[in-house]
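Inside the fold
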Amino acid sequence: MTQKPVLISGAGLASLLLARSLLRSHIAFQVFERDASIKFRGQGYRLRLSSEGLDAIESVLDPEAFQRFYDRCGKTGGSGFAGFDAVTGELLEENKMGENLGSREGKIVGIARGDMRSLFMEGCEEYVHFNKHVKGYELTDDGIRAIFADGTKSVEGSLLVGGDGSKSSVAKQVSGGRLKVYDTGARGIHGQAPTTAFKGLGEGVFRLVDDTKLEGRLSLITNVRPNDMDDPNVEFGWTLAGVPGVIKAPNDDYTIIGKTAAEIAKSLTAPWLPRFKPLFDNMVESEAAFWKITCSTPSGVPDWPNEPRATLIGDAVHSMTPAGGIGANTAVRDSALLGRLLHEAGGNKDGVTAAYEREMRVYASEAVAHSYAMASKQMKVHIDESSQAV
Ligand SMILES: Cc1cc2nc3c(=O)[nH]c(=O)nc-3n(C[C@H](O)[C@H](O)[C@H](O)COP(=O)(O)OP(=O)(O)OC[C@H]3O[C@@H](n4cnc5c(N)ncnc54)[C@H](O)[C@@H]3O)c2cc1C
């Protein structure tokens, strides 16, 4: 490993899968993560993996590692949502839309974000540095350095990949401010409860909707996996999402976690049927968290003049609303594509980031547009691209 390393900002899903790809290709890399450790903040929510997402992960990991990954995933029977009116218990009309969520063997495949990160990080540990808050970068004569919030700089790298999520400062710098993120106005609360709280639901992926609120729809999504049902060490998660105006955090502060968020979830769902109430009554209050639902420019990933030594992956370049459940699935495609191009070129050579961005822009723009279209329908969000981004 004599080449200057590939520098990666953020140790999220996309970054760690890229790191894994570089490890396999014997290309040197260093990852810089803002948090103090991989378990620093609640990692609770589960991700549903699409066929594209699973294929991308399989193309990066060696066969044994992929099998370990796949074995850790939960597989739920049925191929779509079972939707209920949370107040009356009636089966929803939209169940008949037949939305297919299955990806392999007809099963819905999902995994906790925290497990996914740990599995991707295997073998990369010594190259992942915590407490490193990347604020931007500087180009050197023939390389690049990441600049940290404390004013220090990284070693010189051949490439900096911004995988530091939707608030990425690398994204702002490399795109010259063209990459924007908008507040949709929709809000969510994420919560967790012991598996026993979900017994009344049955097995599968459930959507519960409440149309009794003045401001509009409140809905919940959760995935009840039969194999984990009797494990007392397992908690299942749920995500409550409200159209703009339904979920409001005190003082508009959506960074609040714990009891305050838990109590708002309980009060919003007070009229729900007893069958669904244990999800809230038994929730682990400390794990509750608000979620401000943001989205990248719906018309697609914008163009910017390519910088051969800096590029972006994951939410840093295409953040999406939860509608469609394709944010992480698109992020892992980036890692697989960029990792493959770097492997083929034997490291960062002229044209690699340009080729990556050309291809990524196409599928990522489609994904953002798809998720936004679904969010417009389901969450009544509307983004005016001429308005102020967040
Ligand atoms: C409740 C919820 C449910 C979801 N469900 C699904 C689903 O079912 N399917 C799906 O495909 N997607 C889903 N998503 C979206 C998915 O989680 C994201 O698209 C995915 O995590 C993006 O991965 P990423 O690596 O780009 O960013 P992240 O995984 O967010 O990682 C970014 C990393 O960068 C670090 N970081 C941030 N700033 C800095 C900095 N300045 N310096 C250094 N490090 C920094 C962060 O601490 C973090 O570790 C869901 C999201 C939420 C919130």
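Read on for a plain summary of the structure. (Residues numbered from 1 in each chain as written. Predicted model: local features only at pLDDT ≥ 70, side-chain atom pairs only at ≥ 80, totals over all residues.)

**Brief notes about the overall build of the protein chain**
Across its full length, the protein chain holds 9 helices and 16 strands. Reported as C-alpha extents along the three principal axes, the dimensions of the protein chain are approximately 65 × 50 × 35 Å. Counting over 390 residues, the protein chain shows a buried share of 45%. Expressed as a percentage of contacts within the protein chain between residues at least 6 apart in sequence, the contacts between residues at least 24 apart total 76%. (Helix = DSSP H or I, 4+ residues; strand = E, 2+ residues; numbered from the N terminus. Buried ≥ 20, exposed ≤ 12 C-beta atoms within 10 Å, placed from the backbone. Contact = placed C-beta atoms within 7 Å.)

**A closer look at the site of the ligand**
Looking at the ligand, there are 35 residues lining it, with Gly-10, Gly-12, Gly-314, Gly-327 and Ala-328 nearest. When the residues that make up the shell around the ligand are grouped by side-chain class, the tally is 13 nonpolar, 14 polar and 8 charged. (Near = placed C-beta within 6 Å. Nonpolar A, V, L, I, M, F, W, Y, C, P; charged D, E, K, R; others polar.)

**Some remarks on unusual backbone geometry**
Its identity as a non-glycine residue notwithstanding, Asn-131 has a phi of 60°, on the positive side. Counting through the fold element by element, Asn-131 comes out in the loop between strand E7 (128–129) and strand E8 (134–139). For Asn-131, a count of 14 C-beta atoms within 10 Å puts it in the partly exposed group.

**Description of helix H6 (residues 259–268)**
What sets the pattern is the α-helix's 3.6 residues per turn: residues three or four places apart point alike. Of the positions making up H6, those classed as buried are Ala-261, Ala-262, Ile-264, Ala-265 and Leu-268. One side of H6 carries all its buried residues, which in axial view fall inside an arc of 165°. Of the exposed residues in H6, the ones pointing more than 90 degrees away from its buried face are Lys-259 and Ser-267. On its buried face, H6 is in contact with strand E11 (181–194), strand E13 (218–224), strand E14 (235–242), helix H7 (278–281) and strand E15 (289–296). (Arc of directions from axis to C-beta.)

**Comments concerning the packing of helix H8 (residues 327–345) against helix H9 (residues 352–379)**
In contact at an axis separation of 10 Å, H8 and H9 are set at 160° when each is read in the N-to-C sense. Taken as axis vectors, H8 and H9 run roughly antiparallel relative to one another. The element H8 and its partner H9 pack so that their crossing is right-handed. Contacts from Thr-330, Arg-333, Asp-334, Leu-337, Leu-338, Leu-341, Leu-342 and Ala-345 of H8 reach H9 at Val-352, Ala-355, Tyr-356, Glu-359, Met-360, Tyr-363, Ala-364 and Ala-367. A breakdown of the residues in the contact of H8 with H9 according to their chemical character gives 12 nonpolar, 1 polar and 3 charged. (Axes fitted to C-alpha atoms, helices over the stretch in contact; angles between N-to-C directions. Parallel < 35°, antiparallel > 145°, perpendicular 65-115°, else oblique. Left-handed = near helix turned anticlockwise from the far one by under 90°.)

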